[in-house]
Amino acid sequence: MRVVVDMIRGGERRARYLGAGLVALAAGFLLTGRWQLALGVGVGALLGWVLSEPVRITWAVFVIAFAVPVTIDPGYPTNPSYTLLLVLFVLAAWGRVLRAERDGWPPKALAAVLVLPMCAVLAGLVHWHGAKPVVVGVAPLLCVGVLGWHLVEEARHDRRTILRIAETLTWFSVAVALFAKYQTVSRTWPIFDQFAYDWTYTSAFDATRAVGISGHPIIYGTFAMAMALVALTVRGRFWYVPVAANLAGLVLSGTRSAWVGMILALGLWLLLQWRKATWRGLGGALAVAAVAGALVAVDPSGLLPTATDPTSTAQSTATPDAPAPSPPAPASGPAAPPSSPAVPASSPAAPASSPAVPASSPAVPASSPAVPASSPAAPASSPAVPASSPAAPTAGSPDSVDVAGSRISDPASADARFTRISVVWAGITHDWSTVVFGNGPEANVRYLENVGIGDGQAQVFDNTYLTFWYNFGLIGLVCLLAMLVLLYRHLRSLPARLLLVAFAAQIFFFDVWLWLGAVAVLLLAVALGAADDRSLSARAVPAPGPRRPETAADDAVAPEAPALPGSKR
């Protein structure tokens, strides 16, 4: 294995020759008009460069998870969520291979990686629907586990890199917040309106809410929530700028689940920091809140070109003449025959294909990718915007503050979630085996494909905990909750704990596993916690071989990276 690693790393001269050859190959593809192949060469070269160094892998994990949306499909071989999951899995697994000589293969880390996938395998064996649902159901859990393992090992040896990544992300989020403000002012989602593979991921669905670069308001709300908390607790230079920008972005997203997570995390922060409270700090907090409110309320629409119908761009990408998207929406995996015992008899019937949102219902966008990867490809006209879909308002109307206020008073989403809780609970309590072992991996997909929830809303369960129980049983749910509790207990830095509380609260309101931008919040919490946990910073496993004579320089200890604010040492 070491020989293979050395070959991949290569020498400088060989790398230059290889780079020149790849540039020539990409240029040749561009000259012949085959830009997809040229893009593939560029992406492959970039991945090769990243794979040669574990530190680059750590950066790439967060860049891909936070910056590459799963609502856009440029031509992936399978749906975007699973494609990017595979890329992240390869990056993290190869990072562990590169570090195997230094770190070894600790059994506790392997057990933590495998505990949730094994719950899924157990549920699949008890309620067998074939090997494919088991593989598809296990894949996201295994990927998240390997990613967490890689980040913990890198953080315990290189704290400064994790802190640099966190601070860089907070400043990146400022640019995203400005883009989100432009989206709410112009009532369009530039780029996403043109390239989203389903009309529900365009501004034609709900132009009043910002999506940042995630393509979905809930995922952008999660990102803004996380970046505000990281900026508040890590306290880099001018930290109040990203805090204010992300608080504004959080409001503009209209994501009530992220608002709940933010309120709970701030409550914990005040509880832990109340002894350090000062009048100066209170004044600073009020100033940040005032700036964030001004960013939400300001309406610079007069500076934008007049637009009569901002949704025309979005609609033009989803007309019957447009090619059918490559697999429909990325949900959770293959469908199995409707033999799951969890289908309530009273549930309304739905078509075998994934249920569509009625043309007259401007329902909330799906908070989880809703159509399974294995469902038959929809005809070319299926993603068309329904004739009665409300056109997005013209620039400057309605007011962003009014929109945020309406999100608080609107009971439709809460009613839909209560409906889903009753449906999921009926499936969980079908008999003792479904309570203990669940209905098997991808059982939620089978139910939504073959029965559905007839309320005109998005066809998802919208609750990670109940979906986990429905699929993997009480055993799986207990393991998931135990893992979150253990992470909170052992990762004692303030940023990590706030992110864990916010994440654990928010996923009660949507299904998280295939939204990489939301899962990355948990991964960032783990990385920040491991970076500041002295119990994890043990010395690396020494490489085998003869020891040279010890000197004073050998025993010198490298200077320790600064601790994260609020950490317990």
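The structure under discussion appears in the preceding block.
So, here is what we can say about the structure in this document. Each residue is numbered by its place in its chain's sequence as written, counting from 1. With pLDDT at 70 or above as the cut-off, local features in this predicted model cover only qualifying residues; side-chain atom pairs require 80 or more to be listed or tallied, and sums for whole chains, interfaces and linings still use all residues. In computing side-chain properties, one takes all heavy atoms of the structure into account and sets aside hydrogens as well as water.

**Examining the packing of helix 9 (residues 159-186) against helix 11 (residues 217-234)**
Two measures define how a pair of helices packs: the angle their axes make with one another and the distance between the axes.
Moving on, step 1. Packing of helix 9 against helix 11 leaves a shortest axis separation of 9 Å and a crossing angle of 135°. As judged from the angle between their axes, helix 9 and helix 11 are oblique. For the element pair helix 9 and helix 11, the recorded crossing hand is left-handed. Each of Ala166, Glu167, Leu169, Thr170, Phe172, Ser173, Val176, Ala177 and Ala180 in helix 9 lies in contact with helix 11, whose residues at this interface are Tyr220, Phe223, Met227, Val230, Ala231 and Val234.
Moving on, step 2. Basically, the charged four are Asp, Glu, Lys and Arg, the nonpolar ten are Ala, Val, Leu, Ile, Met, Phe, Trp, Tyr, Cys and Pro, and anything else, Gly included, counts as polar. Partitioning the contact of helix 9 with helix 11 into residue classes produces twelve nonpolar, two polar and one charged. To get an axis, fit a line to the C-alpha atoms, keeping to the stretch in contact for a helix; angles then go from 0 to 180 degrees between the N-to-C directions. We count a stretch as a helix when DSSP gives it H or I for four or more residues in a row; a strand needs E for two or more, and each element gets its number in order from the N terminus. Geometric relationships in this document are graded by angle, where less than 35 degrees denotes roughly parallel, more than 145 denotes roughly antiparallel, 65 to 115 denotes roughly perpendicular, and other angles denote oblique. Left-handed describes a crossing whose near helix is turned anticlockwise from the far helix by less than a right angle; the clockwise case is right-handed. We call two residues in contact when some of their heavy atoms are within 4.5 Å.

**Points about helix 13 (residues 256-273)**
Moving on, step 1. Between its terminal C-alpha atoms helix 13 stretches 25 Å, which fits the 26 Å expected from 18 residues at 1.5 Å a residue.
Moving on, step 2. Of all the residues in helix 13, the buried ones are Arg256, Ser257, Ala258, Trp259, Gly261, Met262, Ala265, Leu268 and Gln273. Expected helix span is given by 1.5 Å per residue-to-residue step, counting one fewer step than there are residues. Residue burial is assigned from relative accessible area. The probe radius is 1.4 Å, only protein chains are included, and a residue is buried under 20% of its type maximum, exposed over 50%, and partly exposed in between.

**Description of the packing of aromatic side chains**
Moving on, step 1. Classification of ring pairs rests on two measures: the distance between centres of Phe, Tyr or Trp rings, Trp counted by its six-membered ring, which must be within 6.5 Å, and the angle between planes, read as stacked under 30 degrees, edge-to-face over 60 and tilted in between. A full pass over the atoms with the stated rule returns 16 aromatic pairs.
Moving on, step 2. Arranged with centres 5.9 Å apart and planes meeting at 70°, the rings of Trp239 and Tyr240 form a pair that is edge-to-face.
Moving on, step 3. Summarising the aromatic geometry, the rings of Trp432 and Phe437 are spaced 6.2 Å apart at their centres and angled 70° between planes, so their arrangement reads as edge-to-face.
Moving on, step 4. Judged by relative accessible area, Phe437 falls into the buried class, the value being 18%.
Moving on, step 5. Feature note: the residues Phe62, Phe66, Phe172 and Phe223 constitute an aromatic cluster, connected by ring pairs.
Moving on, step 6. Arg96 extends its terminal NZ or CZ atom over the ring of Trp149, reaching a point 6.0 Å from the ring centre.
Moving on, step 7. Sitting over a ring, as applied to charges here, requires NZ of Lys or CZ of Arg to be within 6 Å of the ring centre and within 35 degrees of the ring normal. Looking at Arg235, its charged tip hangs above the ring of Trp239, at a distance of 4.0 Å from the centre.

**A closer look at empty space enclosed by the protein**
Moving on, step 1. For cavity detection a 1 Å grid was placed over the protein atoms alone, and a set of points counts as a cavity when a 1.4 Å probe fits there but cannot get out; an open set counts as a pocket when protein lies on both sides within 12 Å along at least five of seven lines, with lining residues being those that have an atom within 4 Å of a point. Grid points are joined across faces, edges and corners, and a volume is the space filled by probe spheres set on the points. Under the definition given, this model contains six cavities of 30 Å³ or more.
Moving on, step 2. Of the pockets and cavities examined, the second largest cavity occupies roughly 130 Å³.
Moving on, step 3. Surrounding the second largest cavity, 14 residues form its lining, Ala65, Phe66, Ser214, Ile219 and Gly517 being those nearest its centre.
Moving on, step 4. Within the residue set of the lining of the second largest cavity, elements represented by two or more residues are helix 4 (54-67), helix 11 and helix 22 (516-531).
Moving on, step 5. The dominant element in the lining of the second largest cavity, judged by the number of residues it contributes, is helix 11, at three residues.
Moving on, step 6. Here the lining of the second largest cavity is composed, by residue class, of twelve nonpolar, two polar and no charged.

**Digging into the environment of Trp259**
Moving on, step 1. Mapped onto the elements, Trp259 comes out in helix 13.
Moving on, step 2. With 247 residues separating them along the chain, Trp259 and Gln506 place their C-alpha atoms 8.5 Å apart.

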